[in-house]
Amino acid sequence: MRRTDLAAGLRRLCLALLAAAALARPAAALTLEEETLFPGTPGGPVLTVLSTTDTAIFQPLVVAFQARRPDITLRYQVAGSQEVFAAVHDGATEADLVISSAMDLQMKLANDGFAAPHHAAETAALPPWARWRDQLFAVAQEPVVLIVDRRALGGLAVPRTRAALTALLRDHPDKFRGRIGTYDPVRSGAGYLFATQDARQSDSFWRLAEVMGALAPRLYASSATMIADLRAGRLALAYNVLGSYAASSLPPAGDVQIIELQDFTHILLRTALIPRTAPTPDLAAAFLDFLLSNTGQQLMAQKAGLPAIDEAALAADQSLRPIRLDPGLLVYLDPLKRRRFLAEWSAALRQP
Amino acid sequence: MRAAAPGSIRRRLLLQLLGGAAVLSVLLYLSVRGVSRSAVEQTQDSILGAATIAVAEQLRGTDEGVDIDIPYTAFSMLGAVGQDRVFYRIIVDGADLTGYADLPAPDDAPPGLNPLFYSRPYQQALVRLAAVNRPVIAGGHTAQVQVIVGQTRSAQEAIVADMAWRAAALGLGFFALAALLAVLTTRSVVRPLDRLAGALGRRGPQDLRPVTQPVPVELAPLTAALNGFIARLSGALKRTETFIAEAAHHIRTPLATLRARAEIALRQTQDEATRASLREVIRAVDDSARAAGQLLEHAAVVYRSDQRAEAPLDLAALLRDIGQSYAPAADMADVALAVSVPDSAVMLTADRLLVETALRNLVDNAIKYSGPDGRVEMGLGVAQGRATIRIADRGRGLSGASLADLTGRFRRGRNVEDVVGSGLGLTIVQEVARAQRGRFTLRERDGGGSCAELTLPLD
Ligand SMILES: Nc1ncnc2c1ncn2[C@@H]1O[C@H](COP(=O)(O)OP(=O)(O)OP(=O)(O)O)[C@@H](O)[C@H]1O
Ligand SMILES: [Mg+2]
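Note that the structure is a prediction, hence the values are computed from the model and not measured.

**Student:** For this particular structure, what's the right way to read the environment of B:D45?
**Tutor:** Relative to the assigned elements, B:D45 resides in helix α1 (residues 9-56). Expressed as a C-alpha distance, the spacing of B:D45 and B:L116, which sit 71 residues apart in the sequence, is 9.8 Å.

Now the structure itself:
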């Protein structure tokens, strides 16, 4: 216990120093939300990981990795998915490994030739839907869920499908007005991905959007803030939240319930790629292989709260639909398509 | 005509068949690979074309200009075959609307409403592209819109490589099968030749019967020619034998007359010198007569050894007969002739005339070269499936001459002194032994004299 505290203290110190260093540097193109140095043997190689996942979630994995490779110093950087994409696309980062939950952006990076190929037994063992070429690899699969505060429902049945949710909102507008949270697809890459995938999957999304629009929904840029508001009682329900964040930050048996909708529940793949510009791609490969190894995947599920890649779990429940790593993802990144979708979405959600 | 190539028909045939099979296998490999490649290319092209048209169908004209709602499925279907990179570009009246602005446009205009396919290097890869043109009415005028969709071809390459492996396996399998068939074919083609050669090789040296072996039509001319050759050969032989026989006959008659005249003249003259020369004449006539007789006998034996009249023959009885018929001659020469043969019959299948001629010559020699008070023994023994006729005398012996020396035509020993003879007797015996698949030996006998043995196989 003591030791961890000490280590955490040291890390915080490092963080502070780095932050100071970042301030001293001329304004970089990439704005980081966090940057943490996990020091290895002094003078050893440095591996830079650029990620959209909070440091706290990834820390157990980094520690386990460093137990195996104590020589490696790992620099863990956190930024928003759009920033991560732009940094890799514009060559504004020296990251060795890029981990992001924005599958479409990662897909575009790989498609447009920004990812280096990587072969290993661990990557070959991935199911085909969890891998694109030898460049993009899923490290975790996370359901996109609905979270409901049962107190707000006041005895009403918990909705299990989008149709039931739409009906619930329409029939009891007073209960939910101003108390619905969802992603803002304009600001959040993940929110845009979820909304477009929902729209692609079924028309019930648009009906739901229209009903939500009439109830003055609150729009968020991240799952974390949405969940925080829900816990604080400011929200009655949150639609399209990353289940992993929800599960790790909610008490197991509270009034707040995580629901995987039965008509369909999208499974987001958190993917990793090694940029072509990576200074030490072999270190990146080592870390990636560790994340995909049995140990890495177990740690991912148990310590980081990110569900491991598990084909059997998906096969068992046909309402779970992994968002496929295929070129279709590029379609909604088309500027015209994006403008058109967002216009439609705004029209549905922001009613007069 | 070219000189016939030496070497083995079997090997040549096998090599040619294998060579043909190898060429066919390679052709099979190449054509399967080529066909599969173009089939895969066509399939991929049609998917790419369909995706391009699906995108083009979503073009809309608005008051502000051209708008497009790229369908998700269009790109998603490109990902169905394999994980290839996808690029697109939409150009309105020469200006980029959306997509990858540096994606290469086609050199020619796409034909009508159909997609035009072309390949270009793009982003460190060879990209297959499809372009379609669509006129769109927007903002009051008709805009020419070109939709280009491109895809790398690594999945196709993987499929083609896999097909190539299959084609190679197919080619190899085909070759293995063809090789097996080639071996079997060669064997069956060469078998009649082998059989014919074997049948001819097993023949005895005197066997001049025509070849009656059934042979394939291609070999019929060969056997016909061979049979013609054999017929000419045996005809020539026969003519020779006949000629000798006739010649001997024609000589013997005048010789008999000549001898009679010489004897009369000898009786009528008292002049010692004339009598001596007349005796010389008579002796020479006897020699010539004997020679003519032996020549006739030899010709008969040679002829019959080709066409043997094989029949069951009792050797014991034959020996007794011969002993009886030579008794007077033995008496005259003061020689005791003893015949000791088993009482039971000793049967074998043979040409009686041949065996009898041989035995007569041996008995004749034994008496002739014994001298007065000699003793000739004729014996017959049976052992290990063979009958051995033994004719022994206590005469002058062979004086060291070997059998090979004495069996040559007209070859006589140095020990003959004044004994009349032609030197054909043992030649005849040897001939008979060979024709009857037997063996003949003549050797010096312990305690003086010689011993002749003729061994013949029993049935
Ligand atoms: N029993 C024998 N004893 C001694 N010499 C023999 C005897 N049989 C054969 N020979 C020798 O072998 C030679 C060849 O014998 P062969 O019978 O062929 O001829 P030939 O008796 O001289 O003449 P013919 O043709 O009239 O029989 C004889 O000249 C003789 O020298
Ligand atoms: Mg003789």
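What follows picks up the thread again.
**Student:** Mind showing me how you'd approach the packing of helix α7 (residues 162-171) of chain A against helix α10 (residues 204-213) of chain A here?
**Tutor:** Packed helix pairs are specified by the crossing angle of their axes together with the interaxial distance, meaning the distance between the axes. All names here are of chain A. Following both chains from N to C, one finds α7 and α10 inclined at 20°, their axes separated by 9 Å at the closest point. As summarised for this structure, α7 and α10 are arranged roughly parallel, according to the angle between their axes. α7 and α10 meet at a crossing whose hand is left-handed. Facing R162, L165, T166, L169 and R170 of α7, the residues of α10 in contact are S204, R207, L208, V211 and M212.

**Student:** How do you make sense of the interface of chain B and chain A when you look at a structure like this?
**Tutor:** One frequently used descriptor of interface size is the decrease in accessible area upon assembly of the parts. With 22 residues of chain B at the interface, the matching set in chain A holds 23 residues. For chain B, the biggest contributors to the area lost against chain A are B:Y72, B:Q83 and B:R85; these three give 39% of the whole. The tally of links from chain B across to chain A stands at three salt bridges. For A:K337, the salt bridge goes to B:D69, with nearest N and O atoms at 2.4 Å. Our count for the contact surface shared by chain B and chain A stands at 15 residue pairs in polar contact (both at pLDDT 80 or more). Here the element with the most residues in the side of chain B that touches chain A is helix α2 (residues 72-81) of chain B; it accounts for four residues. Looking at the side of chain B that touches chain A, its residues break down into 10 nonpolar, eight polar and four charged.

**Student:** I would appreciate a short explanation of the pairing of strand β3 (residues 86-92) of chain B in the present structure.
**Tutor:** Within a regular beta strand, the side chains point alternately toward one face of the sheet and then the other, so they alternate between its two faces. All names here are of chain B. Counted residue by residue, β3 has seven buried out of seven residues, so it is predominantly covered. What you see with β3 is no split at all: V86, Y88, I90 and V92 on one side and F87, R89 and I91 on the other are buried throughout. With four bridges joining them, β3 and strand β4 (residues 95-99) adopt antiparallel strand pairing. Residue pairing across strands places I91 opposite D96, the latter belonging to β4. Hairpin geometry of β3 and β4 is characterised by an intervening segment of two residues between the two adjacent antiparallel strands and by a positive phi of about 50° at D93.

**Student:** Got a minute to help me understand the site of ligand 1 in this structure?
**Tutor:** Residue and element names in this part refer to chain B. Around ligand 1 sit 22 residues in total, of which R290, Y369, R412, N415 and S422 are the nearest. The contact in question runs from an oxygen atom of ligand 1 to an N or O atom on the side chain of Q294, over 2.9 Å. With respect to ligand 1, the backbone of G423 contributes an N or O atom lying 3.0 Å from an oxygen atom. Expressed as a share of its isolated accessible area of 590 Å², the protein-covered part of ligand 1 is 98%. It is helix α7 (residues 352-368) that contributes the most residues to the shell around ligand 1, three residues altogether.

**Student:** Is there a simple way to think about the sheet that holds strand β5 (residues 116-122) of chain B in this case?
**Tutor:** Sheets are built from strands that pair by backbone hydrogen bonding, the pairs being arranged parallel or antiparallel. Residues and elements named next belong to chain B. Strand order in the open sheet made by the five strands is β4-β3-β7-β6-β5, with antiparallel pairing throughout. With partners counted over all chains shown, the strands left at the sheet margins are β4 and β5, one partner each. When strand polarity is set aside, the average angle formed by the axes of neighbouring strands in this sheet is 30°.

**Student:** Where do I start with the sheet that holds strand β12 (residues 386-392) of chain B in this structure?
**Tutor:** Residue and element names in this part refer to chain B. Strand order in the open sheet formed by five strands is β9-β11-β12-β14-β13, with mixed pairing between adjacent strands. Strand pairing shows two members of the sheet lacking a second neighbour, β9 (335-340) and β13 (439-444), which therefore form its edges. Sheet twist, expressed as the average angle between the axes of neighbouring strands with direction ignored, equals 15°. Strand direction decides the pairing type here: β12 and strand β14 (residues 450-457), joined by seven bridges, are antiparallel. Along β14, the bridge assignment pairs A387 with L456. Helix-sheet contacts for α7 involve β9, β11 (374-383), β12, β13 and β14, and the interaxial angle to β12 is about 25°. This element, helix α9 (residues 425-435), spans β13 and β14 of the sheet and lies at about 140° to β13.

Calculation notes
- Residues numbered from 1 in each chain as written.
- Chains lettered and ligands numbered in written order.
- Predicted model: local features only at pLDDT ≥ 70, side-chain atom pairs only at ≥ 80, totals over all residues.
- Heavy atoms only, no water.
- Helix = DSSP H or I, 4+ residues; strand = E, 2+ residues; numbered from the N terminus.
- Axes fitted to C-alpha atoms, helices over the stretch in contact; angles between N-to-C directions.
- Parallel < 35°, antiparallel > 145°, perpendicular 65-115°, else oblique.
- Left-handed = near helix turned anticlockwise from the far one by under 90°.
- Contact = heavy atoms within 4.5 Å.
- Buried area = accessible area lost by both parts, 1.4 Å probe.
- Salt bridge = Lys/Arg side-chain N within 4 Å of Asp/Glu carboxyl O.
- Polar contact = N/O pair within 3.5 Å; in protein donor to acceptor, adjacent residues only side chain to side chain.
- Nonpolar A, V, L, I, M, F, W, Y, C, P; charged D, E, K, R; others polar.
- Buried < 20%, exposed > 50% of the residue type's maximum accessible area, 1.4 Å probe, protein only.
- Pairing = 2+ DSSP bridges.
- Near = heavy atom within 4 Å.
- Areas by Shrake-Rupley, 256 points an atom, 1.4 Å probe, with all protein chains shown as cover.

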